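As a plain string of letters, each chain reads:
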Amino acid sequence: VTGALSGKTTPRLQLVVPCYNEADRLRPEAFLSLVAAAPDIGLLFVDDGSTDQTPTILADLARHGGGRIAVLTLPRNAGKSGAVQRGVQAALEHAPQFVGFWDADLSTPLTAIDELMEVVDACPGVDIVMGSRVKLLGRHIRRNELRHYCGRLFATAASLAVRLGAYDTQCGAKIFRVNEAVRRAFTAPFRSRWVFDLEILKRYLAAGGSASHIYEVPLTTWTDVPGSKLGVGHAFRALWDLIVIARLH
Ligand SMILES: Nc1nc2c(ncn2[C@@H]2O[C@H](COP(=O)(O)OP(=O)(O)OP(=O)(O)O)[C@@H](O)[C@H]2O)c(=O)[nH]1
Ligand SMILES: [Mg+2]
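Quick summary incoming for the structure in this document. (Residues numbered from 1 in each chain as written. Chains lettered and ligands numbered in written order. Predicted model: local features only at pLDDT ≥ 70, side-chain atom pairs only at ≥ 80, totals over all residues. Heavy atoms only, no water.)

So, about helix 7 (residues 196-206). Among the 11 residues that make up helix 7, 9 are buried, leaving the element largely enclosed by the rest of the structure. Turning to helix 7, its buried residues are F196, D197, L198, E199, I200, L201, K202, R203 and Y204. (Buried < 20%, exposed > 50% of the residue type's maximum accessible area, 1.4 Å probe, protein only. Helix = DSSP H or I, 4+ residues; strand = E, 2+ residues; numbered from the N terminus.)

Take the sheet that holds strand 7 (residues 173-177) next. Sheet strands pair via backbone hydrogen bonds, and the direction of the pair is either parallel or antiparallel. One open sheet accounts for 7 strands, arranged 3-2-1-4-7-5-8; its pairing is mixed. Lying at the two open borders of the sheet, with one neighbouring strand each, are strand 3 (69-74) and strand 8 (214-218). In this sheet, adjacent strand axes meet at a mean angle of 20 degrees when their direction is disregarded. Bridge count between strand 1 (residues 13-19) and strand 2 (residues 41-48): 7 bridges; the pairing is parallel. In the strand pairing of strand 2, V17 is matched with F45. Against the sheet, helix 2 (residues 54-63) engages strand 1, strand 2 and strand 3, with an angle of about 160 degrees to strand 2. (Pairing = 2+ DSSP bridges. Axes fitted to C-alpha atoms, helices over the stretch in contact; angles between N-to-C directions. Contact = heavy atoms within 4.5 Å.)

This part is about unusual backbone geometry. Phi angles above zero are rare outside glycine, and N21 is one such case at about 45 degrees. Counting through the fold element by element, N21 comes out in the loop between strand 1 and helix 1 (28-37). The class of N21 is partly exposed, set by a relative accessible area of 22%. The backbone of R163 shows a phi angle near 50 degrees, a positive value even though the residue is not glycine.

We now examine the pattern of salt bridges. Going through the model one piece at a time under the given rule, you end up with 11 salt bridges. The salt bridge partner of R12 is D121, with a shortest N-O separation of 2.5 Å. Remark: D121 occurs in helix 4 (residues 112-122) and R12 occurs in the segment before strand 1; sequence separation between them is 109 residues. Residue classification places R12 among the partly exposed residues on the basis of a relative accessible area of 26%. Among the charged side chains, a salt-bridge network with shared partners connects E22, R25 and D105. (Salt bridge = Lys/Arg side-chain N within 4 Å of Asp/Glu carboxyl O.)

Here we take up helix 3 (residues 79-92). When the terminal C-alpha atoms of helix 3 are compared, their 20 Å separation across 14 residues agrees well with the 20 Å that a helix rising 1.5 Å per residue should span. The buried fraction of helix 3 is high, at 12 of 14 residues. Within the sequence span of helix 3, burial applies to G79, K80, S81, G82, A83, V84, Q85, G87, V88, A90, A91 and L92. Among the structural elements, strand 1, strand 2, strand 3, strand 4 (98-102), helix 6 (180-185) and helix 7 are those in contact with the buried residues of helix 3. (Expected span 1.5 Å × (residues − 1).)

Let us look at the packing of aromatic side chains. Geometrically, a pair of aromatic rings is defined through the distance of the ring centres and the angle of the planes. Across all of its chains, the model carries 6 aromatic pairs by this definition. Each member of the aromatic cluster is reached from another via a ring pair, and the members are F101, F176, F186, F190 and F196. Directly above the aromatic system of W222 lies the positively charged group of R143, at a separation of 5.3 Å from the ring centroid. (Phe/Tyr/Trp six-rings, centres within 6.5 Å; stacked < 30°, edge-to-face > 60°. Lys NZ or Arg CZ within 6 Å of the ring centre and 35° of its normal.)

By themselves, these figures tell us nothing about what the structure is for.
Structure follows, in structure tokens:
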């Protein structure tokens, strides 16, 4: 980890941002404004073996982050699940009250952090709070039709697989209250590259967590950011992973 957190106190929330070749999509100013405005948030970017300008951009961010932006560099690409798992492990070393992860493309805007944190603040029983992309009237959930319907099919299957009744397990915006069950959910590498969100939930439940302590927040804004590296091959792989994970434990 470089640019390690030099602040005197650990920020209350450590947010992990996995990045794989994100030079074209990263918006450094958005992250810098966040840490400037929110003294209780620290960011840990994970460079997931990027081969573009991502490392330079992240090093620059860490330099200007006032001690609250750090970068964990993985020598080889580990996939989003590997990046998130390693990142959360590293973040936990600083003993924050909350950890989370957030997609680098800011499909979920950083303003939603407050929407999620409001829930854990208001409800001490809630351990996991997840952004949920529900197309309600008056919200700005902009997802291309094909991805929306494929996503809905997948989400329904995923929800059945963990017998949880969640609406959207796959949204890349999640925050966790650090406790034993949450810690244990992140201890070992995940089996799946893309369906690891489900593994987190399954592990949390297996470690003594409770389904009633998981909370989904319908996001006010979510936008498909072009440049996703997910293709049809990934979709089939994700379905296969889903079957494997459903049968775990
Ligand atoms: N594609 C990809 N993303 C990775 C990898 N490692 C980390 N990530 C990060 O994982 C996050 C999600 O990746 P995306 O490519 O935006 O996934 P997506 O297809 O947009 O998924 P949705 O936003 O749910 O539509 C980003 O922050 C990526 O930088 C990797 O090996 N491949
Ligand atoms: Mg995305």
